[in-house]
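# Secondary and tertiary structure notes
If you want the building blocks of each chain, they are given just below.
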Amino acid sequence: MTRATPAPTQLARDEEAGPGESGESGDPGERRLRYELIRQRLRGAIVEQRIEPGLVLLEGPVAKVFGTSRIPVRKAFELLHAEGLLCTFDGRGYLVARPGQAVQPQRLPLDARALGLEEGNATIHIPSESERIHDELEQTISIAMIFGRFQIDESAAMEHFNVNRVALREVLSRLVDRGLVDKSTYASWRVAALTARAVNQDFELLALLAPAALRESGPRLDRDMLADLRRRLHAPTAPQAQELLRLEQHLHGALLARHPNHKLVGMLQQCQMPWLIHSTFDRMFPQSPNPPLLENCRQVIDALWDGEYERAAQALQDYLAQARKRAQLQLKVLSVLPEAQLPAYLVRQS
Amino acid sequence: MRKNMPELRVLGTSVTLTEAMRRRAEQDLGLRIRFEVLDGFDAQRQAVMRQDSFDLYDQWFHSLDCLWPTGALQPIDIGRLAHWDEVNALPKTGRITPQAALGAGCNPAMRLYVQADGTLGGTPASRISMLPLTHNADSFVYLPAAVPELFAQTEESWSWLLSPACRGRAALQADAAIGALDAALALQAGGDMRFGDISNLGLEEIDQMMALLLQRQESEQFRGFWGNYADAARLMIDAGVAIQSHWSPAIAHYRAAGLDYRLACPREGYRAWYGGLGISSQARGDTLDAAYRYLNWWQSGWPGAAMARQGYYISNPLRSREHLRASEWDYWYAGLPAAEDLRGTDGQILIPRGSVRDGGSYEQRLGHIAVWNTVMDEHNYLVRQWATLLRRARPL
């Protein structure tokens, strides 16, 4: 049996590898490489004389400034050296100098300012392949689940996103953790259908676990965060739908996340169906009169602020009961939405 | 008519938005009235997604489950309704008589009153969601001569819709809140399935039902799925359909085409529905005043009589009785044999002398409800699965 040649999209893209292996064929905006960014920033600073001539550049400290490993820094130095902007000298590192330029080596502390960069903004962040596609895939799946049962065609998804299988599976696994995708052994990835049963199951889990988690998590919460939440909930003008949605998400995210049992927190974070319905509904009908859950939210936060964690847990229980009724009503409304145009990697099952 | 009078835009279906009703309302009220007529599901979708496109929503109570949470409608003040006290027990209590079966599913009484928290419920309050108006107990229509070996049975049954004897000659209403219930009633009546609650199917029940219906589809049981009574009539008159879901105004077409049709009184009970008028949440000032006048006009007698002549009941029937001949009242409401030929809304003879309405009187028919048209808990899932059936259907 001959081994199949991997398709270009299946090739691993080690951004820190040399140009020949770096998979630079994609969108230049998306595919920028760390060493290239470092080279560009240093080059600009040297050309514009924001770096003192003769400064000694060392891989380790420069990597620290950029928040990367030493490998891309080393490659950037090599390229700048080849371009004639850095020189080697009798010592470790490179000198900021052109060939033949007589300069004294300046061994200064290497921070953002010394490198001619804006302080606090020097760190570079390049999303990984999986980070790059996560949001779009999550958004698409959140929409698809309204319209029934779908299987995810891995090959088509890899082609659609121009990523390899490893990166795609990493994202899908994260979506499994959040309850948006199902996967059983040997079975294909499937979009979890948004159903009344799934919503009710999430609320059953939340009702059992969330108040208990809040009792434990409550004493560990940051007072500044609670003060901010109280201020927003008690603002003279009631929060708009989107703001209230964010505040409600806090009830299930940040407020419970301080529980020391990470397995428990993970289970709670899997209960995403209620928020999917609520956020979809709010996006579609921003003017809709929500049943008044604002007061329920206030009661939870006020009790936490007062340090009365039992009262907070009870208020959370009441809030969940109301939120469950609301989700059941909202789910029915979604039945009128015309079916969205979905990408080819989502294959309808019927 | 003054040119600066507000124009009322009424969104609904062809069963109540007839040209005769529009002209009479304009004449009686001195208003400009525009009807936007769509199939039921499309009207519901438009009301939800284009909330500025209408002033009045003329539709079914079960569709409130999709409208009310979005804020598309505003509560109706009972104090501004001229004939509220005349509205009978059915929409207020859910039963036409205290002894009548409640019927499963979206009973209008459970979504009539606006509760203190803004949601809908059955506890009486000073504000309502929609003004209850037209309603009926529906079943199916069939041509006795088309499949005599089946249709000669003494008791009519929903199971006939799925009988192999009707292969290629059956049709269903296309809205999942209606047609899927006809299909469920048929599957249950034929012994193919037994539902825990036919008005609130579980996921497995929906999957099993759809698998069975897709099998029937593959064996070409269904000639089509229709969205309005005109399409239904065409299927039966021109496309060889012998049995299908029924909407009452279609009988005028059947009669005009000379079809020897029969309306079933299924032993399993009727599928009931309740219609009414809701006011857009955006209606204000003169438009709102005009909307209330239009609501009160609907209960003023003549409209209810016009609806009776196409087979529909009105929520305050006694006022409409004054606008009906005794023979018309006796046939349509009392379940008595027609004492003379009765004319339909178009003035043509619709009911020959001696005919008796299927199921009997108003109280008998509305007391024999198997299920109401329904938006169930898993309605979104049902709609998406039902769409697969529609996608594979033959074009009308």
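Just so you know, these numbers come straight off a predicted model, no measurement behind them.

## Some words on helix 13 (residues 309-333) of chain A
Count 3.6 residues to each turn of an α-helix, and residues three or four apart come out pointing the same way. End to end, helix 13 of chain A covers 36 Å across 25 residues, agreeing with the expected 36 Å (1.5 Å per residue, within 8%). Every buried residue of helix 13 of chain A is listed here: A312(A), A313(A), A315(A), L316(A), Y319(A), A323(A), R326(A), A327(A), Q330(A), L331(A), K332(A) and V333(A).

## Overview of the interface of chain A and chain B
Across the contact, 23 residues belong to chain A and 23 residues belong to chain B. Of all the elements in the fold, those that place two or more residues in the side of chain A that touches chain B are helix 7 (196-217) and helix 13 of chain A. With six residues, the single largest contributor to the side of chain A that touches chain B is helix 13 of chain A. In terms of residue class, the side of chain A that touches chain B is made up of 13 nonpolar, eight polar and two charged.

## Some thoughts on the confidence of the model for chain A
Detailed reading of predicted coordinates is not advised where the pLDDT is low. In this model, chain A carries a mean pLDDT of 85, and residues with pLDDT of at least 70 account for 90%. With pLDDT under 50 throughout, residues 1-31 of chain A is counted as low confidence; its partners more than four residues away or in other chains account for 33 contacts.

## With respect to the domain arrangement of chain A
How large an interface is tends to be reported as the accessible area lost when its parts come together. Along its sequence, chain A is carved into domain 1 (34-125) and domain 2 (196-336). Taking only C-alpha atoms, the centre of domain 1 of chain A and the centre of domain 2 of chain A are 49 Å apart.

## Section: unusual backbone geometry
Residue and element names in this part refer to chain A. In this model, Q49 sits at a positive phi of 60 degrees, which is unusual for a non-glycine residue. Although it is not a glycine, N162 sits at a positive phi angle of roughly 60 degrees. With 19 C-beta atoms counted inside 10 Å, the residue N162 sits in the partly exposed group.

## Things to note about the domain arrangement of chain B
Residues and elements named next belong to chain B. You can read the domains of chain B as domain 1 (7-135 + 272-321) and domain 2 (138-270 + 367-391). Tallying the contact residues gives 24 residues for domain 1 and 24 residues for domain 2. Those elements that place two or more of their residues in the side of domain 1 that touches domain 2 are helix 2 (40-49), helix 3 (64-67) and strand 15 (270-280).

How each quantity is defined
Residues numbered from 1 in each chain as written. Chains lettered and ligands numbered in written order. Predicted model: local features only at pLDDT ≥ 70, side-chain atom pairs only at ≥ 80, totals over all residues. Helix = DSSP H or I, 4+ residues; strand = E, 2+ residues; numbered from the N terminus. Expected span 1.5 Å × (residues − 1). Buried ≥ 20, exposed ≤ 12 C-beta atoms within 10 Å, placed from the backbone. Contact = placed C-beta atoms within 7 Å. Nonpolar A, V, L, I, M, F, W, Y, C, P; charged D, E, K, R; others polar. pLDDT = per-residue confidence, 0-100. Domains from an automatic or database assignment.

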